[in-house]
Each structure stands twice: as structure tokens, then as C-alpha cells.
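Examining the three-dimensional arrangement
One-letter residues, chain by chain:
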Amino acid sequence: MQIDLTHPDFQAAIPILQQIEAAGFEAYFVGGSVRDALLGLPIHDVDIASSAYPEEIKQIFRKTVDTGIQHGTVMVLDHGVGYEVTTFRTESTYQDYRRPDQVTFVRSLAEDLKRRDFTVNALAARHDGTVVDLFDGLGDLAAKRLRAVGDPHERFHEDALRMMRAVRFQSQLGFTVAPETQAAIAENAALLAHISVERVASEFTRLLVGNQRRAGLATFVATGLYRYVPLMAAKQKELVALQQLPDTPIADPAVAWTLVCQCLQLAVPQTMKAWKQANQLSHLVQAAVALLPQLAAPTPWALYTAGEAAVTVATTAQTYLQPDFAPAPVQAAYAALPLHHHQELALNGRDLMAQGWRPGPKIGQTLHQLEKAVVAGEVANTPESLLAAAMVK
Ligand code: ATP
Ligand code: MG
């Protein structure tokens, strides 16, 4: 089997593989790029695996950076582009259901491929495009199936995150999960509690924005994984409602989390905190969820305080919750607001003081009232009308 390496990212990296081979070592493309190229999907980050040890890689190339040398990864810099070259490795004895106790470098590609999660992720390709397939990853690729490499129980015991990766890849790739692999997830779901929230959240978000979100969520519920993630253990019914939203892919994580909080009836700040999401995302989702109930007839002030980003997120989310909802009028109403930001107010504290106002809280209160009046369309946003309005406040 040959893989088409005409993609410029592969082409640019082929000389790296050849240089490693010329020094007497093996080097292969591995992981997601091989899988995605075989599926005809766009590729991102080309990963290279090699029998050369990190110190040996550093002797072959003039410019390298130790990006993850303890895991065996060295970045090779070539014409300003960085390529991650990782030494073949095994991950011995996992004791805490997550990271291995110890990474051991090995010279054998087979050993390296054996520790990978799913057969479709355990494919390797030589610089001439010859595919190395030790676990019938090609068969699973053709069948669009995620199957754990080796014994699924063992593999999920070693690293429980792989169970979340399964449902994430199911959504991302539109694959099914092989029956024995799914049964092993159902049996071992509780091990997910050992994995850091950030890593679970990253996989869950990728599930939500994947093309086959419904299928991924169905497995997430059916296997019981949902019982071991923050705040969802008692939300099976609501998760089914989330799963039944229209199939259209969700591009924006903020829209995804808005729908999660809304469908699961979860308070946004607590949820985003429990899932260790960034404050900025949390605030955006909070503003969007607050706007949702008002979308039928939003007041100018509600749109103004939500802000452009939250208006976009809320209107997009609403198209899933209420399929006949038209976002355009609400977005047009936002665009037509006489004021979008506090700083756009044509009068400020200095202007008022220039008119003889004394510094003090009255200035701030007056400006806030003027802001509301401008947003409501009651006062024009010009210095003259604002000043005139301020005098009667
Ligand atoms: P994508 O980049 O689309 O997320 P990917 O397959 O490249 O997909 P990465 O997380 O980038 O996924 O990992 C690269 C490769 O490393 C995987 O294809 C897989 O072979 C291996 N891998 C990553 N995480 C694990 C894991 N938890 N257990 C076993 N193998 C893993
Ligand atoms: Mg990748």
C-alpha cells in the first residue's frame, strides 16, 4: 500500500526522513497525518518517528530545539520550518491510569506502533510512501472503525484518556467504535476520573465541534463516560437532548459550550470553572446564555451589554435550539445600535469637567445614564445633545 505524499507538508519533510536514513537510522511519518492523508482529509502537523535517539538526531541536523527531549522529541529546523522527530519508544508500566512511569527508547518501529491508541493511528509511512500496517489499520480505515491496538482493556487501563479520544475521533472522523473497544470503554469508564480535567475537556470540546457530534455523544452516554466528567453524572436525559440537536456541525467552541450549559441546565460560571475553561471563554458563554431567552425580542440594552461576540454566539446557538430561528434580524439590530462600546460615547468626564462639573461620582452616574439613553435611541450620540441631556440630569 502506498500513501500519496504530494501534500506540500509531506514533500517538505521528505528530505528530513532521507537525511536520517542516510545516517543509518529508520524514519517514518506516523500518526494523524498518515491517517488523514489516507482518508483524503486535510493534514496538519506532520509527525516523524525514528530509530535514532535524540542525541543522534541532534548530530544529524545543524539546527535543532529540545522541545520534549525527555519524551524523545527533538524539533528539527529546516528553512525556518520545525519538524518534530520523536524516537521510537515504549511506555512501560502505567500505575495511575495516565502517563507512563517511564519512557524507554527503542530501535524497533513495531514496539513504537504497539503503544499507540487506535489501529488507524498506528500506521507509519516511509519517505517513498510505503505504508507500514502491523495491526490492520488499513482495514479499519476502510471500514471507518476505531479499534484499540491490542487488548482494549489493557490499553484503557494504561491510559484512560484514550476512552475520551475514542469518542472524540468518532465525532471528528465519523467512524464507529469497534464493539470490543466500546465494551471495554463501558467497563473501564470510571478510570476517566484519574485523568486531569483539562485533558478530558480538550477531547470533549473536540467531540462537540466534530462533524459527527451526535454519534460521539451517543457513545459518550452509552458507555457511561459522562458519569465521570464534571457536573454531568446526573444529566443523562439532558445529554440525550443535547445529542438530538440538529446535526449541523458546530464550528465554535463557545457555541458548543453555550449549548451544553443551556441543554444541561448548568450554571455557566460554575460549569466553566469545573471544566477548567479559560475565563474569556467563560465570560463569553455566560453572556450568550444570558441573551438566549431574550432573542425573540431583544432590547437594545440587552444586545449592547452582551457585545458583538456574544450576540454571534447566542444567535448561532439558537439556530440549534429553535430550528426556525432567524439570526439575521437580531444581528442587524445589533449592528444598528447607535453605540457599541462605552468609549464611543461622544462625551466623557473631562468634557463635563470642562463645563464646570466637579470631580465625583455624579459624573460617572450621568455618563452611565447618557450611555443608556443613547443605546435606547433617546439621545443622539453627539457632544451637543449629550451635553444638553447632561444638564437636565
Ligand atoms: P489529531 O492531530 O487530529 O488530533 P492525531 O492522531 O495526530 O490526531 P495526536 O494527539 O496529535 O493525534 O497524537 C499523535 C499520535 O500519537 C496519534 O496518532 C497516536 O498514534 C499517538 N497517541 C497520541 N495520544 C495517545 C494516547 N493517549 N495513547 C496512545 N497513543 C497516543
Ligand atoms: Mg496530531
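Residues numbered from 1 in each chain as written. Chains lettered and ligands numbered in written order. Predicted model: local features only at pLDDT ≥ 70, side-chain atom pairs only at ≥ 80, totals over all residues. Heavy atoms only, no water.

Here's the deal with the nonpolar core
Which entries qualify depends on this criterion: Only buried residues count toward a nonpolar core, which is a set of Ala, Val, Leu, Ile, Met, Phe, Trp, Tyr and Cys residues joined through side-chain atoms within 4.5 Å. Relative accessibility thresholds used throughout: buried, under 20% of the residue-type maximum; exposed, over 50%; partly exposed, between the two (1.4 Å probe, protein chains only). Whether two residues are in contact is decided by their heavy atoms, any of which lying within 4.5 Å being enough.
Judged by nonpolar contacts, the single largest core of 112 residues is most densely connected at Phe-29, Phe-204, Phe-220 and Leu-242. Setting aside its immediate chain neighbours within four residues, Phe-220 contacts Met-164, Val-167, Phe-204, Leu-207, Leu-225, Tyr-226, Val-229, Met-232 and Leu-239. One finds Tyr-28, Ala-49, Phe-88 and Leu-109 within the second-largest nonpolar core, a separate group that totals nine residues.

Looking at the domain arrangement of the protein chain
Frequently, the measure chosen for interface size is the accessible area removed from exposure when the parts meet. We apply this condition: Marked domain ranges trace back to an automatic or database domain assignment. Throughout, buried area stands for the accessible area (probe radius 1.4 Å) lost by two parts on being put together, summed over both. Criterion for a salt bridge: a side-chain nitrogen of Lys or Arg within 4 Å of a carboxyl oxygen of Asp or Glu. Contacts described as polar in this section are N or O atom pairs within 3.5 Å, which, within protein, must combine one atom able to donate a hydrogen with one able to accept it, while residues neighboring in sequence count only if both atoms come from side chains. When residue character is reported, Ala, Val, Leu, Ile, Met, Phe, Trp, Tyr, Cys and Pro are called nonpolar, Asp, Glu, Lys and Arg charged, and the others, Gly included, polar.
Domain boundaries in the protein chain define domain 1 (1-143), domain 2 (144-249), domain 3 (256-337) and domain 4 (342-391). For domain 3 versus domain 4, the separation of C-alpha centres amounts to 29 Å. In this complex, domain 3 contributes four residues to the contact, which on the side of domain 4 involves five residues. Of the roughly 420 Å² buried at the junction of domain 3 and domain 4 (both faces included), carbon and sulfur atoms supply 74%. Of all residues in domain 3, the largest losses of buried area upon contact with domain 4 belong to Pro-300, Trp-301 and Tyr-304, amounting jointly to 95% of the total for that side. At the surface where domain 3 touches domain 4, the tally comes to zero salt bridges. The interface formed by domain 3 and domain 4 holds two residue pairs in polar contact (both at pLDDT 80 or more) in total. Taken together, the residues of the side of domain 3 that touches domain 4 break down into four nonpolar, no polar and no charged.

Observations concerning the packing of helix α15 (residues 300-321) against helix α18 (residues 361-375)
The criterion, for reference: For helices, the fitted axis covers only the stretch in contact; all axes are lines through C-alpha atoms, and the angles between them, taken along N-to-C directions, range from 0 to 180 degrees. Each helix corresponds to a stretch of at least 4 residues labelled H or I by DSSP, and each strand to a stretch of at least 2 residues labelled E; elements are numbered beginning at the N terminus. Working rule for handedness: look at the near helix, and if it is turned counterclockwise from the far one by less than a right angle, call the crossing left-handed; if clockwise, right-handed.
Two numbers describe how α15 lies on α18: the axes approach to 9 Å, and their chain directions differ by 115 degrees. For the pair α15 and α18, the crossing hand works out as right-handed. In this structure, α15 contributes Pro-300, Trp-301 and Tyr-304 to the contact, and α18 contributes His-368, Glu-371, Lys-372 and Val-375. Considered class by class, the residues forming the contact of α15 with α18 number four nonpolar, one polar and two charged.

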